[in-house]
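The primary structure of each chain is shown beneath.
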Amino acid sequence: MKRLPVLALLLWVCAVYFVGIYLFVGGFLLVRLEVNRTSSCGDVLEPGEEPGDFCRSPPRFSRLVLLIVDALKIDFARFDPGNTAPRPYENKLPVLGETVTSRPLQSRLYPFRADPPTTTMQRIKGFTTGSLPTFVDVGNNFASSAILEDNLIHQLGQVGKRVVFMGDDTWENLFPKKFYRSLPFPSFNVKDLHTVDNGILQHLYSTMVGKDWDVLVAHFLGVDHCGHRFGPDHPAMADKLTQMNGVISSVIDRLENDTLLVVMGDHGMTDTGDHGGESQKETDAAIFLYSPSPIFPGSPSQTEPDVVPQTDLVPTLALLLGIPIPYSSVGQVLLPLFPPHGQKGAAGGISQLEALWINAKQVNRFLDTYSSMARDIPPESLRQLRAHFSRLSSEYLAAVRDGRSPSAKLNSSLQLYLTSVRDTCRATWARFNHVKMAAGLAILALACLMCFVLSELSQALIREGGVGPKAPVLVALMSAAAAAAAQLLARGSVEAAWCLAAGALGSELLFLWRARRLNTPTASKNGGKAPKAAGWLTPRQLLAAPLLVWLLRCAALLSDCYVIGEGRVVTFLLFSLAIYVPVRLNWDGLLLPPSHDPLKSAGLLPAPAVPAATVRKEGHTLLACLGLLVGSLYLSLSFHACREEQGSCQPSPFLSPLSRLQSSQLKNLHYVLSVASLGMWAFLLRRCLCHYGNLNSSGGTVFAARWILPLLSVCLGLHWAVSATPDDSFRNLSELIGLAHVALPRAAFCLLALGLALIWLDPLTVFVKARAAASARSLTLPPPRYRASTGISPQAELHHLIPQIYQRMRRCLDDDAGGGGEPGGGGEADNRPAVEAYGLGTVYSAPTLLFCGLLGLGLLLLHPEGMALSFLLLLLEMGSLLHIHASSTLPITHAFPFCSWSGGFAVPWTPVVLWSLAAAQFFHATGHLPTFPSIQWSAAFVGFPDGHTGTILPASLVTLNTFASHILFAVGCPLLLFWPLVREVRGGRAGRACGEEGEDAVMEMRLRENPQQFSAALLQLSTRYLFINGAQVFASVCAAAILRRHLMVWKVFAPKLMFEASGFLVSSVFLLIGVTLVLRVDVAVSSWFKRLVPDASR
Amino acid sequence: MWDHEIKAMASTHAIIASSVFMATVLPAVLVPGFSVYGAHLLWLYSVSGAVTVVSVAVFWLLGITPPTKKHTLGYKLSRVVRSCLYFFLSCLFFHTVVVLYGAPLIESALETFSLSVLLTSLTTLRCLCVLGPNVQAWIRVFSRHGAMSVWDTCLQITVACTLVGAWLGAFPIPLDWDRPWQVWPVSCSLGAMIGYLTGLVAAPAWIHYHRKQLTYKCK
Ligand SMILES: [Zn+2]
Ligand SMILES: [Zn+2]
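Residues numbered from 1 in each chain as written. Chains lettered and ligands numbered in written order. Predicted model: local features only at pLDDT ≥ 70, side-chain atom pairs only at ≥ 80, totals over all residues. Heavy atoms only, no water.

## Structural notes on the overall build of chain A
So, point 1. In terms of regular secondary structure, chain A is built from 39 helices and twelve strands.
So, point 2. Across chain A, contacts joining residues at least 24 apart in sequence account for 80% of those joining residues at least 6 apart.
So, point 3. Of the roughly 44100 Å² of accessible surface on chain A, a fraction of 61% belongs to carbon and sulfur atoms. (Helix = DSSP H or I, 4+ residues; strand = E, 2+ residues; numbered from the N terminus. Contact = heavy atoms within 4.5 Å. Areas by Shrake-Rupley, 256 points an atom, 1.4 Å probe, with all protein chains shown as cover.)

Here's what the structure looks like:
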């Protein structure tokens, strides 16, 4: 068979998918490193180089009231007296406009521009750290959302200011235990307009009157929720804004002279009330500054900024309140709030130039730290910025040393420096790269199309051999080089992503073009097959049930509700498709044909190819397996975990590790259940192998099945027992227990590695027993039973020899009544020499099955103990899916006998879709969810209770834990090809229908007899599986791209995209491993035959 | 001869559809505060009852039901008893299937059972009327060559439409629109009902359109 082309094609398809995913994710998920250093009062930021306590000088303001009105757009805050017919959201906050006009020395209103992503959490992070948070801030631990970067709240706490917080409970998650007092209210329910606001109003005024606070933060959510629910253009918005107007004016009335009031929105909203993206409607919020005492030098003038970037709030507030600017801030002080150089205000504080200098020094320090940690800021602009700063610094220091008043130019060039730093950072972190996203989408879409074409044309491709991997690779390299050259010419630097994109696109287009050509000649060559070959995109075929279910599955990824309820959705679809199988079979009259059919006896219908009794038996098997499948589906629902969005949901009790259970009775029960299912897992595997006679030989695989599988299970059971023991129960054995904690899992890992390696090295499970004296010579002796028995060439004799071996082997199996456990039980009783080969019929599937089973035990080790039940269900479901697939194809292949296997061993869509749905379903049924907090970090500490030194090992352990079901189903995917052959009806008529006297090869030996068909079918199966999974990735990529403004994008769609993409990565890698294992077995089988029949041509 | 049967079928379906209509309107007039969502179970049972009574009466009058072999009273009685038994078993069957599809097991068992009663009266009852209490025949009817008369084809279409309607009815349930018809089992039973009505219309139309291709072996 053609091994290399199959593997090369699959590798290439996977590579193209990976490039598409990489490009899209690179454009969509902005990544930034967190700098975990904090500023302190001792920092040398003052003009002179002498150290001093920066916090001791009296600040401009000692107290601050920060009112955050979520989604307070600048349009809401403006007041236009000339507008006679205001819309519901216009002119509803007159207090802001009136204050600004009546008291210009005390107040200002600016547009307040947020940086994307404009979601509340990222924005709170942004205007407290002064940085530009992205979706993935590396360094942030996913398990909790607490801000670890230096921030205002932390700095306020450092200098002993009492921060009182009330409102949106997001703050409480971001700053746990940082507040002097906090009154959080639930923010999750978007439909609830009033809980948070009314909660704040109950406490706001009384707190303000009291004296036990220095900074008061109140975050109102009503406006934002009103936007999400009704949109801005709705009377409810008018009510909400009017309420806010009242709040602001009452707060102004209660302010004292030493207090600064800031009223601001965290982001705006679109006309539909959503936010998250980067359009101006979403980014432009409002900021209103007010103090009872004059702060501004005069009425608003030309020099004032048009727009205040959100990052600027942090340094401004820090310097006004007399605290150090947080370390990672890239903002710039808001100059109008500071007195010009030389005319210090009565209330003290620092001048504009001093503020700018402190600010610039802090920003420069951050830039130095960041660029030493990460490489994502372009070195060219970094060098320019550094040069700019050193120039400024020498100029400023010279001016201070000489005591002369620095020029006004210095002021503006400091400002220019700060602005350019911020712009550089923003270009690096805070912009979706639309071109990259589009390129990723295009490559993914083409990859899906290519995969589909490949799966439909696999027969022709393998037959014609027109798919040397050379041409696509060559084209890919050429287009990559062209892209690199173009970039060099245009920009002077090369970005690897674009070269990859060009390579992937080039090879995809080449393939599609050649596939088109390949398709037309086959169609024209034999006219009979033309419509079949050309018509693989007819609407009728697209509307078939499996593809419909798969389309529904992809469409479900576009709705947040369905993503949240994905576990149930997938189970529902899987169940529907499973029920469809027998219904469809019944529709074709192949499920339970009546024992005496009046139609058939009357000769009205063609006589069936298989006796009705056989079909009935298959039908009953199918129904029994369907029952098993449905049962395990239903039971698996009880192993689900809960997302926070699912209100009334109880996580499965099996998800918590045994050591956390309180009641010892329950603990024992759980333990017994887990160990029983573990034993069942091992027993079922062994039973299956034994049934097909694979346990007779003495090879490596058999050794793995006989010894390593049980040993591994024992290890697991002991490990669970040890880890469930409470620490204080066996004091004198504590050392031993500690040792067992480490040794048992590591022993299990070693056993697993040993078992997998043995399977890989010696995958054959065939036991040959010759009963006569000589084996190799006597094999040629038996009188051949084919027709032309005389004068035949040795070549032809050899050709018929191998079928004879199968025949004998099968007869032995038959005599053994499927037992196969006792070698030598069967055989022919006459004096003819005979050979018995046990397990030849399942030579391909046995190693795959065992590989899967061992891997499953290894993955189970990484899960909580209770998941053993779920894993057992997984095995049962896998088995019943395989049986359903086999039982539903057998009657069809027998009803339409094909002598030359024109249909090959093609696996239809239905089982492949079922298989991939099952993988998604068990992802949920093993307690996983597509969210970051639900990742089971404890998996990294199995066998390593004291932690790790590197990051690769724990990361791979967690990955293995998270995608356990993807891995098992991907490795087991080739079983779909083998199972119908394994379970083929004994005494089937496929051979006889062809008019041959001699028996054909049986079971999986058919694959060996038709190497081309085998390669084609394997390629087709793998590409179909890849297509289904890849299209799911494509759907979730589309969801993320289309819905990047959606309220739930960072909570639902982006995590889902990352899980789907990594799941695809893991599945494709393990699918390749599974396919390679099959090819490895094929190599072994070939060499085995060579040894058996030394001069066999094949 | 075909036209005659199609006409009979169309009028039968018209009668059944109008009974559904009456079963919706009458309680609205008689019971204060009735609405399809608000008093859903009442609507459900009234519709199921109406469909059951009218179907049985119409099919009995038309004489579609396969003729009994024996005419003894005891045999007829046993057929009626078996039909009732099958009706009940079918309710249980649908209940199980719906629970397996993901309906809550304990919380709203009454609602789930009511839905299965509705499904039974829309599908199984018709099988009982057309084919008699004979599960073998039911299985046979749902195959490509299984239909032996126009009524069998019509049965295939209505049952398929009803079940597909109920299946589609489950789709809006997880959405967060907070509409009254998203409450379990309103959307499913409405879906089943809409599917059934569609089937009532579609079956005669489809048969009329395809009457040239339809051939039945024997009857
Ligand atoms: Zn917000
Ligand atoms: Zn919002």
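## Quick look at the overall build of chain B
So, point 1. What chain B contains, in helices and strands, is eight helices and zero strands.
So, point 2. Starting at the N terminus, the α and β elements of chain B follow one another as α-α-α-α-α-α-α-α.
So, point 3. Since a compact globule built from 219 residues should have a radius of gyration of about 17 Å, the 18 Å found for chain B is in line with a globular shape.
So, point 4. Dimensions of chain B, computed from the C-alpha atoms along their principal axes, are close to 50 × 40 × 35 Å.
So, point 5. Residue burial in chain B is summarised as follows: out of 219 residues, 46% are buried.
So, point 6. Carbon and sulfur atoms make up 73% of the accessible area of chain B, which amounts to about 11200 Å² in all.
So, point 7. Positive and negative charge centroids in chain B, built from 14 and 7 side chains respectively, lie 21 Å apart. (Rg over C-alpha atoms; globule rule 2.2 N^0.38 Å. Buried < 20%, exposed > 50% of the residue type's maximum accessible area, 1.4 Å probe, protein only. Lys, Arg positive; Asp, Glu negative; His and termini not counted. Charge placed at Lys NZ, Arg CZ, Asp CG, Glu CD.)

## Focus on the state of the cysteines
Residue and element names in this part refer to chain A.
So, point 1. In this structure the tally under the stated criterion is one disulfide over all chains.
So, point 2. Residue Cys642 pairs covalently with Cys649 via a disulfide, S to S 1.8 Å. Since a negative S-S torsion denotes a left-handed disulfide, the Cys642-Cys649 link at about -75° is left-handed.
So, point 3. In this model Cys14 remains outside any disulfide bridge; the closest cysteine sulfur is found in Cys451, 7.9 Å from its own.
So, point 4. The thiol of Cys625 is not disulfide-bonded; the next cysteine sulfur, from Cys688, is found 12 Å away. (Disulfide = S-S within 2.5 Å.)

## So, the UniProt feature "transmembrane region" (unreviewed entry) in chain B
Residues and elements named next belong to chain B.
So, point 1. Per the UniProt entry, the sites bearing "transmembrane region" (unreviewed entry) are residues 12–30, 42–63, 84–106, 112–132, 153–171 and 183–207 in this numbering.
So, point 2. The distance from the first to the last C-alpha atom of residues 42–63 is 31 Å, and the span holds 95% helix and 0% strand.
So, point 3. Summarising residues 112–132: 90% helix, 0% strand, and an end-to-end C-alpha distance of 26 Å. (UniProt positions renumbered as here; feature names shortened; annotations may be inferred.)

## So, the environment of Tyr671 of chain A
Residues and elements named next belong to chain A.
So, point 1. Within the fold, Tyr671 resides in helix α25 (residues 664–691).
So, point 2. In this structure the C-alpha to C-alpha distance between Tyr671 and Leu23, which are 648 residues apart in sequence, comes to 46 Å.
So, point 3. Discounting chain neighbours no more than four positions away, the residues touching Tyr671 are Leu658, Gly717, Leu718, Trp720 and Ala721.
So, point 4. One polar contact links the side chain of Tyr671 to the main-chain carbonyl oxygen of Gly717, over a distance of 2.7 Å. (Polar contact = N/O pair within 3.5 Å; in protein donor to acceptor, adjacent residues only side chain to side chain.)

## Re the domain arrangement of chain A
So, point 1. The assigned domain composition of chain A is domain 1 (3–27 + 434–519), domain 2 (31–430) and domain 3 (539–766 + 840–1097).
So, point 2. Here domain 1 of chain A and domain 2 of chain A have C-alpha centroids that lie 47 Å from each other. (Domains from an automatic or database assignment.)

## Overview of the coordination of the zinc ion (ligand 2)
All names here are of chain A.
So, point 1. Protein-derived ligands of the zinc ion (ligand 2) are Asp224 (OD), Asp224 (OD), His228 (NE2) and His275 (NE2), with the metal-ligand distances lying across 1.9 to 2.4 Å.
So, point 2. For the zinc ion (ligand 2), the four donor atoms in the first shell make angles of 57 to 148° at the metal, a pattern classed as irregular.
So, point 3. One chain supplies every donor to the zinc ion (ligand 2), and in sequence these donors are spaced D-x3-H-x46-H.
So, point 4. In this structure, the zinc ion (ligand 2) is positioned 4.5 Å from the zinc ion (ligand 1). With Asp224 and His228 both in helix α8 (residues 222–230), this residue pair falls four residues apart, about one helical turn. There is no split in this pair, since Asp224 and His228 are both buried. (Donors = N, O, S within 2.8 Å, 3.2 Å for Na, K, Ca; no water. Tetrahedral: all angles 85-135°; square planar, octahedral: opposite > 155°, others 65-115°.)

## A few points about the sheet that holds strand β2 (residues 63–69) of chain A
Residues and elements named next belong to chain A.
So, point 1. Read across the sheet, eight strands follow the order β6-β5-β7-β2-β8-β9-β3-β10 without closing on themselves; strand pairing throughout is mixed. At either end of the open sheet lies a strand with only one pairing partner, and these are β6 (181–185) and β10 (308–309).
So, point 2. In the packing of helix α3 (residues 94–102) onto the sheet, contacts are made with β3 (107–113) and β9 (284–290), and the angle to β3 comes to roughly 125°.
So, point 3. Against the sheet, helix α9 (residues 235–253) contacts β2, β7 (215–220), β8 (259–264) and β9, and its axis sits at roughly 175° relative to β2. (Pairing = 2+ DSSP bridges. Axes fitted to C-alpha atoms, helices over the stretch in contact; angles between N-to-C directions.)

## A closer look at unusual backbone geometry
So, point 1. With an omega dihedral of -5°, the bond running from Trp184 of chain B to Pro185 of chain B counts as a cis peptide bond.
So, point 2. Take Pro185 of chain B: it is sitting in the loop between α7 (150–169) and α8 (186–209).
So, point 3. A positive phi angle, close to 60°, is found at Lys177 of chain A, a residue other than glycine.
So, point 4. Among the structural elements, Lys177 of chain A can be located in the loop between α6 (170–174) and β6.
So, point 5. In the Ramachandran plot, Asp178 of chain B falls in the positive-phi region, its phi being about 60° despite a non-glycine side chain.
So, point 6. Tracing the backbone through its elements, the reader meets Asp178 of chain B in the loop between α7 and α8.

## Re the packing of aromatic side chains
Residues and elements named next belong to chain A.
So, point 1. Applying the stated criterion across every chain yields a total of 38 aromatic pairs over all chains.
So, point 2. Between Phe76 and Tyr89, the ring centres sit 5.7 Å apart and the planes meet at 50°, which makes this aromatic pair tilted. In this pair, Phe76 is assigned in helix α2 (residues 74–77) and Tyr89 in the loop between α2 and α3, connecting sequence segments 13 residues apart. Taken as a pair, Phe76 and Tyr89 share a single burial class, namely buried.
So, point 3. Between Phe639 and Phe654 the ring centres are 5.1 Å apart and the planes differ by 40°, which places this aromatic pair in the tilted class. Within this pair, whereas Phe639 is found in the loop between α24 (612–636) and α25, its partner Phe654 is found in the loop between α24 and α25, the two being separated by 15 residues in sequence. (Phe/Tyr/Trp six-rings, centres within 6.5 Å; stacked < 30°, edge-to-face > 60°.)

## Observations concerning the confidence of the model for chain B
Residue and element names in this part refer to chain B.
So, point 1. In the predicted model, chain B carries a mean pLDDT of 87, and 95% of its residues have values of at least 70.
So, point 2. Helix α6 (residues 135–141) is the least confidently modelled element of chain B, averaging 86 in pLDDT, while helix α4 (residues 109–122) averages 93, the highest of any element.
So, point 3. Complex prediction metrics read pTM 0.80 and ipTM 0.94. (pLDDT = per-residue confidence, 0-100.)

## Considerations on the confidence of the model for chain A
Low-pLDDT stretches of the model should not have their predicted coordinates read in fine detail.
Residues and elements named next belong to chain A.
So, point 1. The predicted model of chain A has a mean per-residue pLDDT of 80, with 81% of residues at 70 or higher.
So, point 2. Averaged pLDDT values over the elements of chain A bottom out at 37 in helix α36 (residues 990–993) and peak at 95 in helix α34 (residues 964–971).
So, point 3. The model gives residues 812–834 a pLDDT under 50, and that stretch makes 45 contacts with residues more than four places away or in other chains.
So, point 4. With pLDDT under 50 throughout, residues 897–902 is counted as low confidence; its partners more than four residues away or in other chains account for eleven contacts.

## Structural notes on helix α4 (residues 120–129) of chain A
Residue and element names in this part refer to chain A.
So, point 1. Counting buried positions along α4 yields nine of ten residues, so the element is predominantly enclosed.
So, point 2. Of all the positions in α4, only Thr120, Gln122, Arg123, Ile124, Lys125, Gly126, Phe127, Thr128 and Thr129 are classed as buried.
So, point 3. Gly130, located one to two residues past α4, shows a positive phi value of around 75°.

## Overview of the interface of chain B and chain A
So, point 1. Residue-level contacts link 22 residues of chain B with 20 residues of chain A.
So, point 2. In terms of surface lost to chain A, no three residues of chain B exceed Leu100, Tyr101 and Arg144 of chain B, which account for 28% of the buried area on that side.
So, point 3. For the pair chain B and chain A, the number of links is one salt bridge.
So, point 4. Residue Arg144 of chain B pairs with Asp588 of chain A through a salt bridge whose shortest N-O separation is 3.1 Å.
So, point 5. Listing elements by their share of the side of chain B that touches chain A, those giving two or more residues are α3 (73–100) and α7 of chain B.
So, point 6. A total of three residues in the side of chain B that touches chain A trace back to one element, the largest contributor, which is α3 of chain B.
So, point 7. Residue composition of the side of chain B that touches chain A, by class: 14 nonpolar, four polar and four charged. (Buried area = accessible area lost by both parts, 1.4 Å probe. Salt bridge = Lys/Arg side-chain N within 4 Å of Asp/Glu carboxyl O. Nonpolar A, V, L, I, M, F, W, Y, C, P; charged D, E, K, R; others polar.)

## Focus on a nonpolar patch on the surface
So, point 1. On the surface, a cluster of nonpolar side chains totalling about 730 Å² of accessible area is made up of Phe21, Met22, Val25, Leu26, Val29, Leu30, Val31 and Leu42 of chain B.
So, point 2. Inspection of the secondary structure assignment puts Leu42 of chain B in helix α2 (residues 40–62). (Patch = residues over 30% accessible without salt bridge, like charges linked within 9 Å, V, L, I, M, F, W, Y side chains within 5 Å.)

## Points about empty space enclosed by the protein
Leftover empty space is mapped by rolling, across the atoms, a probe with the size of a water molecule.
Residue and element names in this part refer to chain A.
So, point 1. Counted under the stated rule, the structure contains eleven cavities of 30 Å³ or more.
So, point 2. Looking at the largest cavity, its volume works out to about 160 Å³.
So, point 3. In terms of lining, the largest cavity is formed by 18 residues, of which the most central are Arg553, Ala920, His966, Lys1056 and Glu1060.
So, point 4. Taken together, the elements giving at least two residues each to the lining of the largest cavity come down to α32 (909–925), α38 (1011–1042) and α39 (1049–1092).
So, point 5. If one sorts the elements of the lining of the largest cavity by residue count, α39 sits on top with six residues.
So, point 6. The class makeup of the residues in the lining of the largest cavity is seven nonpolar, seven polar and four charged.
So, point 7. Roughly 70 Å³ of internal volume is contained in the second largest cavity.
So, point 8. Considering the residues around the second largest cavity, the lining is formed by Leu64, Leu66, Phe127, Thr128, Leu152, Ile153, Leu156, Trp171, Val215, Val217 and Leu317.
So, point 9. Of all elements in the fold, only β2, α4, α5 (152–158) and β7 reach the threshold of two or more residues within the lining of the second largest cavity.
So, point 10. At three residues, α5 tops the list of elements feeding residues into the lining of the second largest cavity. (1 Å grid on protein atoms, 1.4 Å probe; cavity = no way out; pocket = protein on both sides within 12 Å on 5 of 7 lines; lining within 4 Å. Points joined across faces, edges and corners; volume = space filled by probe spheres on them.)

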